[in-house]
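The residues making up each chain are set out below.
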Amino acid sequence: MIASSLIQRFKSSVVTKIRGTTPQNDGRNQDPQIAQWRQSQAGPALDTHSPSIIERIDDDVLIFIFLATLKIADSANPPMSRTHPAVVISHVCQRWREVALAVGALWKKIHLVIPSYPRGWIDRERHEMVAWKIKLLQRHQMMKTWIPRAGESRLHIMVSEGWTYPSSNGSYYGEEGYPELAGLINMLLETSSRWKELELELSFVQSQTPKFPTTRFLSLPPQDDPVLTNVRLDIDWNCPDESLPCLLLSKPSMLGGSSLRSLTVNSGTMLHHDLTALPISWSTLKHLDFRGYPSNSTWAFNSSQALQVLQSCPNLTSCYLALTGESTPSPNLGNPITLRFLEEITIRPFKWQIVQGFASSLILPSLHKLTVQSFTGLRCSPLHYRESGLCEFTQRFGCTLRDVNFQYIALTQDALRQCLADLHNVSSLTLTDASWAVISADCAKIDAELLRNLTPQLDVVECGGADCLQVRRQPLCPMMEEFALTATLSGEESEMALIELIEMRRKAWSIGSVEGRTVARLKTVTWNGCWEKTLDVADELRRRGVDTDQFLLRT
């Protein structure tokens, strides 16, 4: 359905572009002489048997449309099936099929979904095993057709599973009786030298043995000519046997290739072992996303280990780090770690707070985006400015930061104000709370006073015999263009403070810079949360004469 609707959409857009924007007239209420003149100018009528508009498009344009269709559909990770957009496109007509089969890029992503495993070998469920094997044979036949269509393209491989049933029989998930699954996986593994991207979403239950077919994905041999750039591991272990997780640490491994640039490890993957034990070429990574250890793991990804990992990745440009299990200051590792290229960092601290000393252990000259969001801890106790690891980040890197997102309830009201004062060059600011948390009375709030601190103060001065506006006091975050909040806005005072913030920031931009006091033009305000409105904000801004062209308010 997705592919069919996208194809129809592209057909419509192409036909519209080719026909141009000339108004159509069906001849009704038209002067006969004008109609006769238009007909003479138009020349002979189109042959009703001539090729359609879409059929007259060049192959290059058609290929562009096909690839664009696939790019849109890729966000849903469509599995290899008869309804995959590439398959649908190849069944529209003979010409489309010829073009589609000649473009290897249409077939380079192979998403294999292993059907839900059968419940067991007992007689009353034997039919499940038969149905399961039939599905595997169908996938085997489809892959046998799919892989040659990719030609010599680098492949994007994604393997996921249906439901995995636990078993009381410790042997039926062994290697015996699974030739269909083994054959399917072997066919895919034969293409491993061409894998450019790899995503594994697998589960291993207690009854699976080290020789179960899917375990082959855990110890992949290295590529002779490394081309693997992106790896995502999302593996759940429901087995006490450590021999299966150990397979991920096998050396040599495809994961250790010098071509690797991006690594994502979800929280269930590293159960029994240290993240740094993975056979990864850490120094080549540009993107690292580690979602932490599972709750039943004996390991904790604290700030000390996070710094050790960062030290091993000098070429990172972005990273996501989920910290766990510590509240002590970060250790002094000697010289600070320099990450020259790191532009974006997301930190998920353990129970609200980044430990002090973490930011001071880093030198990040290119950092422009900082996100700090915690999803653990029921009770939030705020910290003062000098105690906060978040404020240490804003104080240390505030001059380069352009995009900042954090939970303001982790700070006291005064610490929040000082933190925002560090963000002189931020253009995008997002402040969030946490609806599930128990918040103490000392936690910061988004109130009228804070909104006024974010509002520039303007004076009316005489210039050239006329009254002009001039910025008397710069607000906090003067370069802010996008402002997003998750908070409760109650009371007429807070509502008017928000309206004045928008008004003054829109007006102050038109003034320009006066004695270095520059205020950016506010473009977007997004408010997520409870807002007890007493008036229509858009109408009020227009009543005040505020230019709302290219301004967006989302509530």
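Note that residues are indexed from 1 along each chain, following the sequence as it is written. Given that this is a predicted model, residues contribute local features only at a pLDDT of at least 70 and side-chain atom pairs are listed and counted only at 80 or more, while totals for whole chains, interfaces and linings are drawn from all residues. With hydrogens and water excluded, all non-hydrogen atoms of the structure serve as input to the side-chain values.

Before going further, it helps to examine the confidence of the model for the protein chain. On a range of 0 to 100, pLDDT expresses the predictor's confidence in each residue. With 79% of its residues at a pLDDT of 70 or more, the protein chain has an overall mean of 82. Residues count as neighbours in contact if any of their non-hydrogen atoms are within 4.5 Å of one another. The model gives residues 13-28 a pLDDT under 50, and that stretch makes eight contacts with residues more than four places away or in other chains. Low pLDDT, under 50, characterises residues 168-176; the predicted model gives this stretch 26 contacts beyond four residues in sequence or across chains.

Only Phe, Tyr and Trp rings take part, Trp by its six-membered ring, and two of them pair if their centres are within 6.5 Å. Stacked means planes under 30 degrees apart, edge-to-face means over 60, and tilted covers everything else. In this structure the tally under the stated criterion is nine aromatic pairs. Ring centres of W107 and W146 lie 5.0 Å apart, and the angle between their planes is 85°; on these two criteria the pair is classed as edge-to-face. Taken as a pair, W107 in the loop between α5 (94-102) and β1 (109-114) and W146 in helix α6 (residues 126-149) lie far apart in primary sequence, 39 residues in all. Judged on exposure class, the residue W107 and its partner W146 are both buried. Aromatic rings pair up to connect F290, Y293, W299 and F301 into one cluster. Counting from the N terminus, the helices are DSSP H or I runs at least four residues long and the strands are E runs at least two residues long. For every residue, the accessible area (1.4 Å probe, protein chains only) is compared with the maximum for its type, and the residue is labelled buried under 20%, exposed over 50%, or partly exposed between those bounds.

In this section: the nonpolar core. As used in this record, nonpolar core signifies buried Ala, Val, Leu, Ile, Met, Phe, Trp, Tyr and Cys residues forming a set joined through side-chain atoms within 4.5 Å. If you look at the biggest cluster of nonpolar residues, it comprises 142 residues, and the most contacted ones within it are W195, F406, L420, L429 and F483. Beyond its immediate chain neighbours, meaning those up to four positions away, F406 contacts V372, Q373, L390, L411, L416, C419, L420, L429, T430, L431 and T432.

What follows deals with unusual backbone geometry. Following K251, the chain continues into P252 via a peptide bond in cis, with omega recorded as -5°. With respect to the secondary-structure elements, P252 resides in the loop between α8 (243-247) and β5 (262-265). Even without being glycine, K351 reaches a positive phi, approximately 55°. Structurally, the position occupied by K351 is in the loop between β9 (344-348) and β10 (362-363). Backbone geometry at Q550 places phi at a positive 65°, although glycine is not the residue there. Looking at the element boundaries, Q550 is found in the loop between α14 (537-543) and β20 (552-554).

Another point: the pairing of strand β18 (residues 482-486). DSSP bridges decide pairing: two strands pair if at least two such bridges lie between them. Across four bridges, strand β14 (residues 428-432) lies against β18 in parallel orientation. Paired with L431 across the two strands is L485, which belongs to β18.

The residues that make up patches have over 30% relative accessible area and no salt bridge, and they are joined within 9 Å when like-charged or within 5 Å when they are Val, Leu, Ile, Met, Phe, Trp or Tyr. To measure how exposed things are, a 1.4 Å probe is used in the Shrake-Rupley method; for residues, cover is taken only from the protein chains shown. Salt bridges are defined as contacts in which a side-chain nitrogen from Lys or Arg sits within 4 Å of a carboxyl oxygen from Asp or Glu. A cluster of nonpolar side chains, contributed by F375, L378, W436 and V438, occupies part of the molecular surface with about 400 Å² of accessible area. You can see W436 is positioned in the loop between β14 and β15 (438-439). According to the relative accessible area criterion, W436 is partly exposed, its value standing at 37%.

Helical geometry note: an α-helix holds 3.6 residues per turn, so side chains three or four residues apart project in the same direction. Three or more residues of α5 are buried, namely W96, V99 and A100. Each buried residue of α5 sits inside an arc of 100° when the element is viewed along its axis, so together they form one side. Summarising the geometry of α5, the exposed residues directed more than 90 degrees from the buried face are Q94 and A102. Note that the arc is computed from the directions linking the helix axis to the C-beta atoms.

So, about the pattern of salt bridges. Under the defined criterion, the tally for this structure stands at 13 salt bridges. The closest approach of N and O atoms between R291 and D289, which form a salt bridge, is 2.7 Å. One salt bridge in this structure joins R521 and D547, with 2.7 Å as the shortest N-O distance. A residue pair is termed long-range when its members are at least 10 positions apart, and R521 in the loop between α13 (492-511) and β19 (524-528) and D547 in the loop between α14 and β20 qualify at 26 residues. R521 sits in the buried class, given a relative accessible area of 15%.

Here the focus is helix α11 (residues 413-421). Every buried residue of α11 is accounted for by A415, L416, C419 and L420. Each buried residue of α11 lies within a common arc of 135° when the element is viewed along its axis, so the set occupies one face. Elements that come into contact with the buried residues of α11 comprise α10 (389-397), β13 (403-407), β14 and α12 (448-453).

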